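Overview (structure and organization)
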Amino acid sequence: MPRQKDCANSSVETLEETGDPMANHGEVAYTTADGNDYPAHEATYEGFINLVKYGTATVALILILMAIFLL
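What you see as residue numbers is a count from 1 along each chain, following the sequence as written. With pLDDT at 70 or above as the cut-off, local features in this predicted model cover only qualifying residues; side-chain atom pairs require 80 or more to be listed or tallied, and sums for whole chains, interfaces and linings still use all residues. To get the side-chain values, take all heavy atoms of the structure and skip hydrogens and water.

Quick word on the overall build of the protein
Note the threshold: Under the DSSP-based scheme used, a helix requires at least four consecutive residues in state H or I and a strand at least two consecutive residues in state E, with every element numbered from the N terminus. Burial status follows relative accessibility: with a 1.4 Å probe on protein chains alone, a residue under 20% of its type maximum counts as buried, one over 50% as exposed, and anything between as partly exposed. Calculation of accessible area relied on Shrake-Rupley with a 1.4 Å probe; when residues are assessed, cover is drawn exclusively from the protein chains displayed.
Helix and strand counts for the protein come out as 3 helices and 0 strands. Helices (α) and strands (β) of the protein occur, in sequence order from the N terminus, as α-α-α. The proportion of buried residues among the 71 residues of the protein is 1%. Of the roughly 6,700 Å² that the protein leaves accessible, carbon and sulfur atoms contribute 63%.

What to know about the confidence of the model for the protein
Note the cut-off: As a per-residue quantity, pLDDT reports the predictor's confidence and falls between 0 and 100.
Looking at the protein, the pLDDT average stands at 78 and 52% of residues meet or exceed 70. For the protein, the element scoring lowest by mean pLDDT is helix α1 (residues 15–18), at 60; helix α3 (residues 38–69) scores highest, at 96.

Some thoughts on a nonpolar patch on the surface
Rules: Exposure above 30% relative accessible area and the absence of a salt bridge qualify a residue for a patch, where like charges join within 9 Å and nonpolar side chains (Val, Leu, Ile, Met, Phe, Trp, Tyr) within 5 Å. Throughout this description, the term salt bridge denotes a Lys or Arg side-chain nitrogen within 4 Å of a carboxyl oxygen of Asp or Glu.
Together, Val59, Leu61, Ile62, Leu63, Ile64, Leu65, Met66, Ile68, Phe69 and Leu70 make up an exposed nonpolar region whose accessible area comes to about 1,000 Å². Note on placement: Ile64 falls in helix α3.

And the structure:
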């Protein structure tokens with residue numbers, strides 16, 4: 001099995017070298033990246049939540065109607 005330094009990101013320091021068990025990722029990329037459209041993200045998420053909510057209610061209604069009319 002290759003050593004950690006030989007895999008993917010060779011600049012990653014090991015716990016033995018730094019003494020720090022936590023990863024150092026620097027600043028959060030999402031807040032600093034250009035072109036992020038947070039309002040569109042929230043609108044898409046809201047649409048997804050509504051789809052799941054009303055889709056679940058529709059399936060439950062269909063199952064209830066099937067139980068009433070097919071038995």
